Amino acid sequence: MKTLIVEDDFLARALLSTLLSEYGICHVAVNGREALDAIERAFADEDPYDLICFDIMMPVMNGQEALLELRKMEMEKGLTGQDATKVIMITAIDDSKNVMTAFRQGQCEAYLTKPLDRHKLIGHIKSLGLIT
Amino acid sequence: MNTMIHRRENHPEPILSPAPVTVQNLQRHFREVYGFNISQTEVMLQSSAKSLEQAFGDAAAALEQANARQLLAPVFHGLKGLFLNMGEKVWAAFARDVEEKLKGDVPVDLKGIITVLRVGLTEVLDYYRDKGKENT
């Protein structure tokens, strides 16, 4: 599993990369703009990410904006449905507006609120078929 | 819950400080909640301290600006998430309360709050600085 962790906080990045590196390679980006650059490079190398974990509130470009840009990028490449990148939002924002935006507009697969729950995270990744 | 009350002349309400964060509690949290080994736990402690230092730096820079409240709201939002991941629910509630007050235009003693945070987090910040000295 190739994962991109998009998070501006040191501890959240360390937690996610430590937990997810057990299952494959993990790259990190500290904002949405950096994430989109990494995603574009991965598509260009024909080695896209299997999973992207987005925080929402980040400087430069937030996670919701980056998720929408990712989906636009995928549409242009004809990657929809099962071929689209699996996305999990991991954030301290728990208002319904953000949750609905992430699911309806961003078509994220899961929305987890902090504190990061190891079992929920791994459970979602298993249910997505990314790990066994 | 152990609390200390800091009274400030320019603030109508006292700032209720949660009990200080200890390195021992943090180590236990990362071991028990995430199942991390000693070296992984150490990484999490250092990452926690780095996140806190970053937040204090951002807060200090924000306080210099005319729109300090607007700039500080995301800092306290970030602190809320950080404290949740550190297993510090009371401190997370403290940060959330400040974030809400900043967004809601409620008067807050920002310098007093930063002081309360620094005092409550001294052990973690000192631990990180001491570790940094050991590694140089």
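In what follows, the structure referred to is the one given above.
Residues numbered from 1 in each chain as written. Chains lettered and ligands numbered in written order. Predicted model: local features only at pLDDT ≥ 70, side-chain atom pairs only at ≥ 80, totals over all residues.

## Quick word on the packing of helix α1 (residues 10–20) of chain A against helix α3 (residues 68–85) of chain B
In step 1: One way to put it is that α1(A) packs onto α3(B) with a least axis distance of 9 Å and a crossing angle of 40°. Relative to α3(B), α1(A) is oriented oblique. In this structure, α1(A) meets α3(B) at a crossing whose hand is left-handed. On the side of α1(A), the interface is formed by Leu11(A), Ala12(A) and Leu15(A), while α3(B) contributes Gly81(B), Leu82(B) and Asn85(B).
In step 2: Across the contact of α1(A) with α3(B), the residue classes tally to four nonpolar, two polar and no charged. (Axes fitted to C-alpha atoms, helices over the stretch in contact; angles between N-to-C directions. Helix = DSSP H or I, 4+ residues; strand = E, 2+ residues; numbered from the N terminus. Parallel < 35°, antiparallel > 145°, perpendicular 65-115°, else oblique. Left-handed = near helix turned anticlockwise from the far one by under 90°. Contact = placed C-beta atoms within 7 Å. Nonpolar A, V, L, I, M, F, W, Y, C, P; charged D, E, K, R; others polar.)

## Comments concerning the sheet that holds strand β4 (residues 86–91) of chain A
Residue and element names in this part refer to chain A.
In step 1: Taken in spatial order, the five strands of this open sheet run β2-β1-β3-β4-β5, and their pairing is parallel. Edge strands, defined here as strands with exactly one partner in the open sheet, are β2 (26–29) and β5 (110–113). Going across the sheet, the axis of each strand differs from the next one's by a mean of 20°, ignoring polarity.
In step 2: With four bridges joining them, strand β1 (residues 3–6) and strand β3 (residues 51–54) adopt parallel strand pairing. From the neighbouring strand, Leu4 faces β3, where its bridge partner is Ile52.
In step 3: Against the sheet, helix α2 (residues 32–44) contacts β1 and β2, and its axis sits at roughly 165° relative to β1. (Pairing = 2+ DSSP bridges.)

## Re the nonpolar core
Residues and elements named next belong to chain A.
In step 1: Core analysis: the largest hydrophobic core is formed by 65 residues, its most contacted members being Val6, Cys53, Phe54 and Met89.
In step 2: Of all the elements, α1 adds the most residues to this core, at eight residues.
In step 3: The residues touching Val6, leaving out its near neighbours within four places in the chain, are Ala29, Gly32, Ala35, Ile52, Cys53, Phe54, Asp55, Gly63 and Ala66. (Core = buried A, V, L, I, M, F, W, Y, C linked by C-beta atoms within 7 Å. Buried ≥ 20, exposed ≤ 12 C-beta atoms within 10 Å, placed from the backbone.)

## Comments concerning the pairing of β5(A)
Both faces of the sheet carry side chains from a regular strand, because those side chains alternate between them.
All names here are of chain A.
In step 1: One ladder, built from four bridges, connects β4 with β5; its direction is parallel. When the sheet's bridge partners are listed, Thr91 is paired in β5 with Thr113.
In step 2: The handedness of the β4 to β5 crossover, carried by helix α4 (residues 96–105), is right-handed. (Right-handed = clockwise from strand over helix to strand, strands pointing away.)

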